[in-house]
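Architecture and fold: a report
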Amino acid sequence: MILTISAYGSPVLRKETVDIDKEYPQLQELIKNMFDTMTFAEGVGLAAPQVGLPIRLFVIDLSPLADDKPEYKNYKKVFINPEIIEFSGNDVSFEEGCLSIPNVHEKVVRKDKVLINYFDENFTEHEETFSGYPARVIQHEYDHLEGNLFIDKISGIRKQLIKGKLNNITSGRANCKYKIKTK
Ligand code: NI
C-alpha cells in the first residue's frame, strides 16, 4: 500500500521518536508499505516520521542507482532502533533531496563514515560501519528520527533562496506525483 507522506510543516517531522519492539502492531506490513511508498515516490530512503509515525524505524533502498553502481542492486535495508555510535572520515559535500521536501535539492556536508547499531526486520542486532553513499543516506534518515531535516544544515542564504518552495509545500501547492500532507 502506498502511504501518504508527511511533508515539510507536518509536526510529526519534528517530534521525538521512540524505540519499538517485536510486538509493534503490523510491523512487517508497515515495513512493506514503507518500501512500496519509497519506490513509488522514487526515493532511496524513508523514515517512519515521514509516514506519520514517531518511531525509530527507517528503510533504505539504493537499487535505483544500480545502473551506475551494480553493487547497489537489491541494496535494501531496514533499520530499527538505530543508534549512530561514531561519525568518522572526511567531511563530504553532496546534493540531497527529501521526499518530505519535494523539489528542493541542496548540498549538505556530512561525515563519510558511520558506525551504527541497529536491529533488522527480524530483530537481529547489527553493529556495522557504512561509508560513502550508504553512509550519507543513513545519516539523512537517522536525522529524521531526531526531528532534523537536511535543510536545517544549509546556510542562511541558501535557506532564504528556497523559502518560496518551502512556502509552496506548507500551503499545499507543491507539485509532486505522490500524496503529501502537512497537518
Ligand atoms: Ni528525508
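It should be emphasised that the depicted structure is a prediction, and the values quoted were computed from it without experimental measurement. (Residues numbered from 1 in each chain as written. Predicted model: local features only at pLDDT ≥ 70, side-chain atom pairs only at ≥ 80, totals over all residues. Heavy atoms only, no water.)

Along its length, the chain carries 4 helices and 7 strands. Walking the chain from its N terminus toward its C terminus, one meets helices and strands in the order β-α-β-β-β-β-β-α-α-α-β. Here the C-alpha coordinates of the chain stretch approximately 45 × 40 × 35 Å along the principal axes. The buried share of the chain, reckoned over its 183 residues, is 46%. (Helix = DSSP H or I, 4+ residues; strand = E, 2+ residues; numbered from the N terminus. Buried < 20%, exposed > 50% of the residue type's maximum accessible area, 1.4 Å probe, protein only.)

A word on unusual backbone geometry. Within the chain, Glu42 stands out as a residue other than glycine whose phi angle is a positive 60°. With respect to the secondary-structure elements, Glu42 resides in the loop between helix H1 (27–40) and strand S2 (45–47). Exposure remark for Glu42: the relative accessible area of 63% places this residue in the exposed category. Despite not being glycine, Phe123 has its phi angle at roughly 60°, a positive value. Structurally, Phe123 is set in the loop between strand S5 (106–119) and strand S6 (125–131). Take Phe123: its relative accessible area is 16%, and that puts it in the buried class.

Time to look at the side chain of Asp143. Within the secondary structure, Asp143 sits in helix H2 (residues 133–145). A relative accessible area of 10% places Asp143 in the buried class.

By themselves, these observations are geometric and do not establish any function.
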